[in-house]
Amino acid sequence: MARSGRHLARRCAVQALYQWNVTGQSPSEIESSFIKNENLSGRHLDYFLALIKNIPLNMEVIDNLITPHLDRKLDKVDLIDHAILRVGTYELKFQPDVPARVVLDEAIDIAKVFASEHSYKYVNGVLDKIAREVRGDV
């Protein structure tokens, strides 16, 4: 199935946020390598840049939306799962033009590629609850 440029932007944002968590590099230090290596351009580049700029700026709001729906402390959530949850939660909260179903489907797809074998189920369950809380329906 052909993937959209937004899918590439989301995937790169998850990887960049993961790298940010692991290395402590600033998002601006990380962004140039993704732009160069992943052929991001045009509005998909703009979406990637918006994600990696706005997610750190809204981290407290995002993590406060995630935390009540976890079965463990946030610092015990796998870092790649956490990055996926942050991207999905950001989109649910701050990108109302993106349908909730698209946010969940994209997060599941990215989790199937980068996370552990059953992480996509966990990511889906958490984001589904956040979608209901933030948007009222899914």
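What counts as what
- Residues numbered from 1 in each chain as written.
- Predicted model: local features only at pLDDT ≥ 70, side-chain atom pairs only at ≥ 80, totals over all residues.
- Heavy atoms only, no water.
- 1 Å grid on protein atoms, 1.4 Å probe; cavity = no way out; pocket = protein on both sides within 12 Å on 5 of 7 lines; lining within 4 Å.
- Points joined across faces, edges and corners; volume = space filled by probe spheres on them.
- Helix = DSSP H or I, 4+ residues; strand = E, 2+ residues; numbered from the N terminus.
- Nonpolar A, V, L, I, M, F, W, Y, C, P; charged D, E, K, R; others polar.
- Expected span 1.5 Å × (residues − 1).
- Buried < 20%, exposed > 50% of the residue type's maximum accessible area, 1.4 Å probe, protein only.
- Contact = heavy atoms within 4.5 Å.
- Phe/Tyr/Trp six-rings, centres within 6.5 Å; stacked < 30°, edge-to-face > 60°.
- Lys NZ or Arg CZ within 6 Å of the ring centre and 35° of its normal.
- Patch = residues over 30% accessible without salt bridge, like charges linked within 9 Å, V, L, I, M, F, W, Y side chains within 5 Å.
- Areas by Shrake-Rupley, 256 points an atom, 1.4 Å probe, with all protein chains shown as cover.
- Salt bridge = Lys/Arg side-chain N within 4 Å of Asp/Glu carboxyl O.

(A) Just empty space enclosed by the protein, in detail. Per the stated rule, a full pass over the model turns up one cavity of 30 Å³ or more. Counted as a void, the largest cavity has a volume near 50 Å³. Every residue along the wall of the largest cavity is listed here: Arg-10, Val-14, Ile-84, Val-87, Gly-88, Glu-91, Val-103, Glu-106, Ala-107 and Ile-110. Of all the secondary structure elements, the ones that give two or more residues to the lining of the largest cavity are helix 1 (5-23), helix 5 (79-94) and helix 6 (100-114). Here the residues of the lining of the largest cavity sort into six nonpolar, one polar and three charged.

(B) Helix 6, seen in detail. Between the first and last C-alpha of helix 6 there are 21 Å, a value that for 15 residues agrees with the 21 Å anticipated at 1.5 Å per step. Along helix 6, the residues that are buried comprise Ala-100, Val-103, Leu-104, Glu-106, Ala-107, Ile-108, Ile-110 and Ala-111. Taken together, the buried residues of helix 6 touch helix 1, helix 5 and helix 7 (119-135).

(C) Molecular detail of the packing of aromatic side chains. For the structure on display, the rule yields one aromatic pair. Residue placement shows Arg-6 over the ring face of Tyr-47; its charged tip is 3.9 Å from the ring centre. Between the NZ or CZ atom of Lys-112 and the centre of the ring of Tyr-120, over which it lies, the distance is 4.8 Å.

(D) Layout of a nonpolar patch on the surface. A cluster of nonpolar residues, Tyr-18, Val-22 and Leu-79, forms a patch on the protein surface that exposes about 250 Å² of accessible area. On the secondary structure map, Val-22 appears in helix 1. The class of Val-22 is partly exposed, set by a relative accessible area of 48%.

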